[in-house]
Amino acid sequence: MSILYFLIPLALLILGLAVWAFFWAVGSGQFDDLDTPAMRIVLDDDTRPADDP
Amino acid sequence: MSDAAACFHCALPVLDKRYTVSIDGLARAVCCPGCKAVAELIRDSGMSQYYALREAPEPGVGRPEDDAGEWEIFNRPDMLEAFGATTSGGKAEATIYVGGMYCTACSWLIETTLRAVPGVADADVNPVTHRLRTVIDTRQVGLGDVLATLARLGYHPQPLAPESSAAPEVIEQRTALKRLLVASLGMMQAMMFAVALYAGEFKGISADMERFLRLVSFFVTTPVVFYSARPFFAGAIRGIRSRHPGMDLPVAIAIGAAYAASVWSTFYDGPAVWYDSVTMFVFFLTVGRFLEMRARHRSIDKSVALTSILPNTVIRVEEDGEATVPATQLVAGDTVRIRAGEPIPADGRLLEGSTSVDEALLTGESRPLAKAPGDSLLAGSVNLDAQILLEVGNTGVDTTLGTISRLSERARYTRPGFVRVADRVASYIVVAILVVAVLVATGWSMVAPERAFEITLSVLVVTCPCALALATPAAFAAAGTRLAQLRLLVTNGDAVEAMSRATHVVFDKTGTLTRGLPRIAETRVFADDTDADTLTRIAAAIESASTHPLARAFGAIDTSFEATEVETVVGHGISGTVDGRHYRLGRSAYVAPGSSEAGTDDRPTVYIGDGETLLGVFVLDDEPRADAADTLTALRSMGLEVSLISGDRHAAVARTAEELGIDDFAAGCTPQDKLDHLKRLQAGGAVVVMVGDGINDAPILAGADASIAPAHSALLAQTSADVIMVGDLLRPVVTAVEIARHTLRIVRQNLAWAIGYNIVALPLAVAGLVPPWLAAIGMSASSLIVVLNALRLSRAGSTDRTVPA
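Here the residue numbers are simple positions, counted from 1 along each chain's written sequence. To read the labels, note that chains go from A and ligands from 1, taken in the order they are written. Side-chain atom pairs in this predicted model are given and counted only at pLDDT of 80 or more, local residue features only at pLDDT of at least 70, and totals for whole chains, interfaces and linings cover all residues.

So, about the overall build of chain B. Labels follow the DSSP assignment, with helices taken as runs of H or I lasting at least four residues and strands as runs of E lasting at least two, numbered in each case from the N terminus. Scanning chain B for helices and strands turns up 27 helices and 29 strands. Any residue surrounded by 20 or more other C-beta atoms within 10 Å of its C-beta is treated as buried, while 12 or fewer makes it exposed and the intermediate range makes it partly exposed; C-beta atoms here are placed from the backbone. Expressed as a percentage of the 805 residues in chain B, the buried residues total 49%. Taking all contacts inside chain B whose residues are at least 6 apart in sequence as the whole, residues at least 24 apart take part in 66%. Once C-beta atoms are placed from the backbone, any two residues with those atoms within 7 Å are in contact.

Residue and element names in this part refer to chain B. Paired strands, as defined in this entry, are two strands with at least two bridges between them according to DSSP. The strand order across the open sheet formed by three strands is 13-12-15, and the pairing between neighbours is antiparallel. Every interior strand has two partners, whereas the edge strands, strand 13 (369-371) and strand 15 (382-383), have only one. The sheet contact formed by strand 12 (residues 355-358) and strand 13 spans three bridges and is antiparallel. Among the inter-strand pairings, serine 356 is bridged to a residue of strand 13, identified as alanine 370.

Here the focus is helix 7 (residues 207-228) of chain B. Working rule for helices: expected span equals 1.5 Å times residues minus one. Over its 22 residues, helix 7 of chain B runs 31 Å from end to end, which matches the ideal 32 Å to within 8%, given 1.5 Å per residue. Bend is the name given here to the angle between axes fitted to two runs of seven residues, the run ending at a residue and the run starting at it. The largest bend in helix 7 of chain B is about 30 degrees, located at B:Thr221, with the proline B:Pro223 one to four residues further on.

Residues and elements named next belong to chain B. Where strand 4 (residues 91-99) lies against strand 6 (residues 131-137), seven bridges are found, and the strand directions are antiparallel. The residue of strand 6 that forms the bridge with threonine 95 is arginine 133. The pairing of strand 4 with strand 7 (residues 156-160) spans five bridges and is antiparallel. Residue pairing for strand 7: isoleucine 96 is matched across the bridge by proline 159.

Moving on, we get to the environment of B:Val120. Residue and element names in this part refer to chain B. Considering the arrangement of structural elements, one finds valine 120 in strand 5 (residues 120-126). Considered as a pair, valine 120 and valine 135 are 15 residues apart in the sequence and their alpha carbons are 6.2 Å apart. With near-sequence residues (within four places) excluded, valine 120 lies in contact with Leu114, Arg115, Thr134, Ile136, Val141 and Val146.

To continue, consider the sheet that holds strand 9 (residues 321-326) of chain B. Residue and element names in this part refer to chain B. With antiparallel pairing, six strands are arranged side by side in an open sheet as 9-8-10-16-11-14. Each having just a single partner strand, strand 9 and strand 14 (376-377) make up the two edges of the open sheet. Relative to strand 10 (residues 335-338), strand 8 (residues 313-318) runs antiparallel, the two being bridged by three bridges. Among the inter-strand pairings, valine 317 is bridged to a residue of strand 10, identified as threonine 335.

Moving on: the confidence of the model for chain B. All names here are of chain B. Mean pLDDT over chain B: 77, with 78% of residues reaching 70 or higher. pLDDT expresses, on a scale from 0 to 100, how confident the predictor is about each individual residue. The element-level mean pLDDT for chain B is lowest in helix 11 (residues 302-305), coming to 49, with helix 7 highest at 92. Here residues 414-419 is modelled with pLDDT under 50, and outside its nearest four sequence neighbours on either side it reaches nine contacts, counting other chains as well. Contacts from residues 799-805, a stretch scored under 50 in pLDDT, to residues over four places away or in other chains number eight contacts. The complex prediction reports pTM at 0.60, with the ipTM value standing at 0.83.

Every α-helix winds through 3.6 residues per turn, so residues three or four apart in the chain are directed the same way. Residues and elements named next belong to chain A. With 24 residues, helix 1 (residues 4-27) extends 34 Å from end C-alpha to end C-alpha; this agrees with the ideal 34 Å at 1.5 Å per step. Little of helix 1 sits inside the fold, with zero of its 24 residues counted as buried. One or two residues past the end of helix 1 sits glycine 29, with phi positive at roughly 85 degrees.

Turning to the nonpolar core, a few remarks are in order. All names here are of chain B. Among the nonpolar cores identified, the biggest contains 142 residues, and Ile255, Ala475, Met499, Val689 and Ala736 are the most heavily contacted of them. Take this core: its biggest share by element is 15 residues, from helix 26 (residues 732-766). Setting aside anything within four residues of it in sequence, one finds alanine 475 in contact with Thr743, Ile746, Val747, Asn750, Ala790 and Leu793. Any nonpolar core is a set of buried residues, restricted to Ala, Val, Leu, Ile, Met, Phe, Trp, Tyr and Cys, that join up through C-beta atoms within 7 Å. By size, the runner-up hydrophobic cluster in this structure holds 39 residues, among which are Val30, Ala39, Val98 and Ile110.

What you tend to see is this: most non-glycine residues have negative phi, and most peptide bonds are trans. At B:Asp579, a position not held by glycine, the phi torsion is positive, near 55 degrees. Topologically, B:Asp579 is positioned in the loop between strand 21 (573-578) and strand 22 (581-586).

When pLDDT is averaged across chain A, the result is 77; 64% of the residues are at 70 or more. Counting contacts from residues 48-53 of chain A, a segment whose pLDDT is below 50, to residues more than four positions away or on other chains yields eight contacts.

Residue and element names in this part refer to chain B. Judged from the two bridges that link them, strand 11 (residues 348-352) and strand 14 form a sheet pairing that is antiparallel. Bridge assignment links arginine 349 to a residue of strand 14, and that residue is serine 376. With four bridges connecting them, strand 11 and strand 16 (residues 388-392) associate as antiparallel partners. From the neighbouring strand, glycine 348 faces strand 16, where its bridge partner is valine 392.

Residues and elements named next belong to chain B. One can find leucine 41 in helix 1 (residues 33-44). Considering only alpha carbons, one finds leucine 41 and arginine 152, 111 residues apart in sequence, at a separation of 8.3 Å. In contact with leucine 41, not counting residues within four places along its chain, are Arg152 and Leu153.

Structure follows, in structure tokens:
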């Protein structure tokens, strides 16, 4: 079980890195808009107008 | 009028069937040339899918205004300095507030359209704050072109000065997200180590490993307590300082005590640690706060609310001619030229010209007011008839508009404090549980030290406050979602609770109980050779070309006549030829010089004549909303008192009150009068729900226990209201109160369940009859039941009033 004395601190270190990465992402504005990205995936930017009369 | 088809673009009723646009191979009816142009622009840019993806529009949103020329001056370089920061290489970055956005498809449409404009390097819309950040190449395109593009799409853009660009909402949301993430990760880790400790209690664990796991839990919990839970501690300290301790205090005590006890246990080998309970408690509370904050941010941006009804640019009369300048550059003493139909940019004195103005938004007065040189004019009112010169007095926050805005902020600050009984009970129980746990631990260590830990553990787990902490937020979150589905946007969570306790509903008149649109109440015919119906249809044909507010009374009339040679005589009326005969519409002195006004008890009138004799008169009044009477009946049957407070004239208010059967009404009220009236009601123990739409309603909306504003209302009213009601009906007021009452029932059930469960489980656990694993199952099941019960709210309220397709 003594491997835990090494693995748990390692896990906490990775956790710390994850938190740091998330803080950076929030700070750079990636999470400012939580609604549009869900919509954006279903939109095509290159639809041409239909052949209207 | 209600059976008319809705405009494909803006959802207003289609009155003139001449305009259609072909989208995806189908001809769609639109209401006006403006909507036709916008729909064609959207189609020709290959963005028709906007219509498939957007949420059902609120009628009138997205309808363009005829002000395209106004944007030209924003192309000047000095405008870029005032509204944008130029960076190297001719690139400039500007922030623009986009009014009229209502869903995420809008932000996609704006971004995609702008990026296709040559010279626009980047365009980003934040649908939460309605702000567009754009980077443009100033050598190819000007700020005015960007604004004009937005206006052509049917939005109402407003450039923002650079200093107001850093939106406090964005910073608040970022901080809240970080706090939420730290709390959730901390909770997961603490739970994981807690499971290991519980398992160790069963299977045996070495003292070293136990101490190690406790230490690790301490490391993951500490940021949760000192970072994620900081708002609770700050709130508690603020509460103590102001001698009004709120629910933050017991929460802070519970978190602080559990954490301190755990830390002591960790370093002095105490009986147990409570890190999992601490982190879970903080996490659930933080989730609740986060959801509440998101709902609040969906409401309207405060900083823009004040200025959005003022014009962006004005024509300033200077010594060497006239210049178009941004309205923000006006100072007292300037002279401004205001054309007919334009809003008045500042408080001031009428210098030249006589006109009438519409002050409905500011005062509730539904009738246009005549103004002569020397009279004072208010910023935010609309100049109706003629071109005038205004000497600027007060500008910006010093205007009457600004004063009302300040009044509403103060009213909001001093509104009755809500006692969140549920949360408070939950917090006190947390403290009680901790006390009991300590007593159990010491008690059992004296009787049977080898079982003390296990039993203390069971007591803590079985009585975990999760169900209690979830009882209220889960119900309010479910209620918020349900209300949003029914097109009621809740911006202040307290409102649901206040609405459930409501005893009085107070309505504003103009624009709330009534549509704020004139309707023909009575037609009098003076000539022998015609009848009321023919006259009305002739008038409708001529008035269809008019932009005067009173002309809208004729908008719904189906006319078979065609008017030619239509000419507007500013300040007097309109003339035109129908079937070879010349007609004049407007004031009596204009339609038939020498005639006298008919007695019409103060209601607005439109005369019709042929320039010599008077043919008839249309007496107009303000039409109550179609469902106003039904709504009031429903509210009364729910045991609520209904009253009417209006700034309009006594005669007009009394007429509406009589028509709708309201006994308690007050007329001619200033915003301060309205607020005083409200305070009197509240002093008598009433819990008041206010429904209003005007700027003059803002203070009373802010001061009421709960307030509802229609989505078409003035921005200032929307920022002061707790609930925004989308659509053209009053009925949602009833739905809101129904759901609020239902929510409180659910909260009571949840609390009863959670407390009952704890009362039964606690003695069993204290007696040592509940093993920790059973306690864990009991705790989870209890939380689950509370959440499932709250979710029943998602079907609450009648479903027949959901979003029309």
